[in-house]
Amino acid sequence: MGDDLNEITQKKKQWEERVVKPSLKRFGLKNSPAKFYTPIDIKDFNFEEKVGFPGTYPFTAGNYAVPTPGMAPSVGSGFQDTGKGLVRAGQYSGYGTPEDTREYYQQMIAMGQIGGPNLAFHLPTQCGYDSDNPEVSGEVGKTGVAIDTLRDMEIVYEPFTDDKDLDKIATNWTINSPASMILAMYIVIAEKRGIPQDKLRGTIQNDILKEFVGRGTQVFPPKASMRLVRDVMVYCTENMPLMNFISCSTAHIRSAGSSREQAVGILIANTAAYIQLGVDAGLDVDSFMRRFTFLGIGGSIEMLKEVAAVRALRRMFAKLIKERFKAKNPRSMIMKSNLWARTLEAEYTIQRPLNNLTRSVIGGIASALSGGTPSSGMGFPYDEPLGLGHSNEAWQLHRDAARIIQFEAKIGEVLDPLAGSYYIEALTDQIEKDAWDIYNKIEEMGGSVASIENGWVKEEVSRYAYESNKKLETGEKIKVGQNSFTSPDELNVTTARIVDYPYSPSKREEAEKNQIANLVKLKRERDNKEVKRALNRLREEAKDESINLMSSIIEAVKSYASIGEMCDVLRDVFGEYQSSSVG
């Protein structure tokens with residue numbers, strides 16, 4: 001092998017001198033805009049160590065040796081492809097009042113949706129405020145459904161009965177700071193229906209660390225926030241074996257402007273911090289890792305780089321679980337996710353929005369090349385930048401594009417088809433090295449919480465975001481239809497609307513008034529003595545870090561205490577997060 005590499009090295013020098021150099025001179029270039037990779041770039045490549053077989057350590061080539069039979073997009077499935085033996089939530093959705101979202105689900109079920117709710121919450125709920133709080137005026141029901149109390153969750157889940165009852169569906173909640181409260185509401189609804197907790201299936205995001213870096217819906221300081229994550233983790237491990245208690249994401253970190261290497265390194269550091277919570281709480285790592293999940297790994301439209309990043313990430317995760325946390329069960333080393341390389345919606349443009357379908361198709365191909373299904377890599381439909389909700393026409397194009405990739409192009413017939421590529425293997429190694437460097441910096445500071453508290457991680461992401469945005473403004477980074485190819489003779493192609501828009505604009509306009517009226521009525525008619533008693537218990541137990549708060553939160557939920565009231569109690573005990581400045 002060494003002699004072969006020496007020979008290739010010599011021939012490469014000759015090629016550069018005799019072929020490349022004259023071409024550069026002819027075009028007036030100093031450097032070629034394209035690179036070429038050879039075995040020289042992966043000198044130490046070892047198949048078993050670097051790649052392995054699908055479904056085996058280090059899982060670079062994929063989590064499973066055999067894909068789930070029949071996995072394909074269906075009506076209302078969103079990213080969550082349906083398939084044999086799979087019980088999954090439907091597409092990400094929710095708006096207005098609980099009544100509005102209930103009617104939406106009734107319509108989707110009539111159209112053929114088989115999954116449970118995959119709830120999007122409005123910002124007041126995500127930030128721990130009630131709809132009647134003057135601070136959130138104008139925001140009620142805008143970015144998702146308004147959930148203030150148990151009453152609201154009961155209404156949302158009314159369509160899900162009989163063969164779609166809570167023990168027969170899966171449901172997802174994209175919620176972080178108040179995650180424990182939303183989970184408690186679901187537990188209470190199930191209890192009222194006579195369904196035991198151990199039959200409930202779903203995923204709660206509960207990934208608070210990325211909120212401090214990306215989205216910004218954190219309520220409490222990092223350490224107090226991590227206590228709530230721990231309480232959900234321990235409670236689910238002990239009582240809800242089918243419930244995924246966390247779904248770690250890089251999507252929001254990428255949307256905040258990070259590089260892929262930053263996102264991978266930060267994600268691995270965050271993952272380590274969460275796992276350490278469980279270990280410190282006395283849980284065996286192999287007892288909970290199967291319910292430790294991930295969401296939104298990919299990001300940019302640079303397809304091959306995203307594929308390499310996913311391969312590096314799976315390998316890093318497996319190493320982390322095996323080497324740092326000493327897991328014994330190989331299944332604990334599987335990075336459980338249904339989203340791999342994908343086109344993040346931050347790549348979409350409001351200008352010439354149908355072009356976003358092309359962008360999403362590239363993500364679908366990247367997903368198929370990195371171990372996912374095409375639909376899971378395609379992001380939301382092309383009309384995502386145009387406002388809340390997506391037209392049924394856009395969803396149809398989205399599903400059909402994924403089906404064409406899967407059934408006509410048949411890209412999924414080969415697992416990890418780019419394995420062994422000089423470029424992909426070299427890039428996978430480089431991304432892994434760079435991401436480990438970031439992880440090690442964070443660990444040297446004391447871990448993810450410390451890097452958030454001292455402002456380092458947010459500053460690093462902000463710096464990269466600034467530089468990247470400058471490239472868009474100067475045109476160094478091309479965005480078709482936005483900063484280039486924008487002359488008057490270019491056409492803005494659209495599609496016709498042939499069915500009603502799924503989210504009613506008039507209901508959205510009325511949502512705030514109606515939700516506040518319902519909340520005021522509930523607060524007046526409930527047993528407020530019981531609410532006060534339950535909130536006092538929550539307050540006292542919050543003062544003792546050794547107590548798991550899930551029991552007291554469940555009790556407060558049963559009394560119809562609101563999310564805002566419960567969060568206010570915890571604000572009094574924990575304090576409220578104050579962001580560090582970014583220099």
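Because the structure is predicted, anything quoted here is derived from the model rather than measured. (Residues numbered from 1 in each chain as written. Predicted model: local features only at pLDDT ≥ 70, side-chain atom pairs only at ≥ 80, totals over all residues. Heavy atoms only, no water.)

**Some words on the pairing of strand E2 (residues 116–120)**
The condition is simple: Only protein chains enter the accessibility calculation, which uses a 1.4 Å probe; a residue whose area is less than 20% of its type maximum is buried, one above 50% is exposed, and one in between is partly exposed. Only runs of H or I of at least four residues qualify as helices and only runs of E of at least two qualify as strands under DSSP, and these elements are numbered from the N terminus. We call two strands paired when DSSP finds no fewer than two bridges between them.
In terms of burial, E2 is largely enclosed, as five of its five residues are buried. Of the pairings in the sheet, the one linking E2 to strand E3 (residues 170–174) comprises three bridges and is parallel in character. Across the sheet, the residue bridging to Leu 119 is Trp 173, located in E3.

**Quick word on the side chain of Glu 211**
For Glu 211, the position within the fold is in helix H7 (residues 208–213). Judged by its relative accessible area of 0%, Glu 211 falls in the buried class.

**Remarks on the pattern of salt bridges**
What counts, and what does not: Definition used for salt bridges: Asp or Glu carboxyl oxygen within 4 Å of a side-chain nitrogen of Lys or Arg.
Under the counting rule described, the total for this entry stands at 46 salt bridges. Note that Arg 151 is salt-bridged to Glu 99, the shortest N-O span being 2.6 Å. Placement of the pair is Arg 151 in helix H5 (residues 150–156) and Glu 99 in helix H3 (residues 98–111), with a sequence separation of 52 residues. By relative accessible area, which is 18% here, Arg 151 ends up buried. Among the ionic pairs, Glu 103 bridges to Lys 507, the shortest N-O distance being 2.3 Å. With a gap of 404 residues between them, Glu 103 in helix H3 and Lys 507 in helix H18 (residues 505–525) connect regions that are remote in the sequence. Overall, Glu 103 belongs to the partly exposed group, its relative accessible area being 28%. Taken together, the salt bridges that share partners define one network made up of Lys 50, Arg 315, Lys 319, Asp 429 and Glu 432.

**Quick notes on the packing of aromatic side chains**
Spelled out, the test is: What counts as a ring pair is set by centres within 6.5 Å for rings of Phe, Tyr and Trp (its six-membered ring), and what kind of pair is set by the plane angle: stacked under 30 degrees, edge-to-face over 60, tilted for all other angles. Geometrically, a charge over a ring is one whose NZ (Lys) or CZ (Arg) sits within 6 Å of the ring centre while staying within 35 degrees of the ring normal.
With the rule as written, the count across this model stands at 16 aromatic pairs. Look at Tyr 104 and Tyr 105: their rings are 5.4 Å apart centre to centre, the planes differ by 65°, and that puts the pair in the edge-to-face class. Residue classification places Tyr 104 among the buried residues on the basis of a relative accessible area of 3%. With a relative accessible area of 0%, Tyr 105 lands in the buried category. Between Phe 245 and Phe 292 the ring centres are 6.0 Å apart and the planes differ by 90°, which places this aromatic pair in the edge-to-face class. Placement of Phe 245 in the loop between strand E5 (243–244) and strand E6 (246–249) and of Phe 292 in strand E7 (residues 292–295) is noted, with a sequence separation of 47 residues between them. Each member of the pair, Phe 245 as well as Phe 292, carries the same accessibility label: buried. Through a chain of ring-to-ring contacts, three or more aromatic side chains come together here, namely Tyr 104, Tyr 105, Tyr 157, Phe 160, Trp 173 and Tyr 186. Its end group placed over the ring of Trp 340, Arg 314 keeps NZ or CZ at 4.7 Å from the ring centre.

**Some words on the nonpolar core**
Under the convention used in this document: Buried Ala, Val, Leu, Ile, Met, Phe, Trp, Tyr and Cys residues that are joined via side-chain atoms within 4.5 Å together make up what is termed a nonpolar core. We call two residues contacting when some pair of their heavy atoms lies within 4.5 Å.
Formed by 119 residues in total, the largest nonpolar core has its most connected members in Tyr 157, Trp 173, Leu 183, Tyr 274 and Met 566. Non-local contacts of Tyr 157, meaning those with residues more than four positions away in its chain, are made with Pro 117, Leu 119, Leu 166, Thr 171, Trp 173, Tyr 186, Ile 189 and Arg 193. Core analysis: the next-biggest nonpolar cluster, separate from the first, contains five residues, Ala 309, Ala 312, Leu 427 and Ile 431 among them.

**Points about the sheet that holds E7**
Stated precisely, the cut-off is as follows: Helix axes use the C-alpha atoms of the stretch in contact, all axes being lines fitted to C-alpha atoms, and the angles between their N-to-C directions lie in the range 0 to 180 degrees.
Sheet architecture is open: three strands sit in the order E6-E7-E8, paired in parallel fashion. Bordering the open sheet on either side are E6 and strand E8 (336–337), each of which pairs with just one other strand. Bridge count between E6 and E7: four bridges; the pairing is parallel. Each bridged residue has a counterpart across the sheet, and for Ile 246 the counterpart in E7 is Phe 292. Docked against the sheet, helix H10 (residues 260–280) engages E6 and E7, running at close to 155° with respect to E7.

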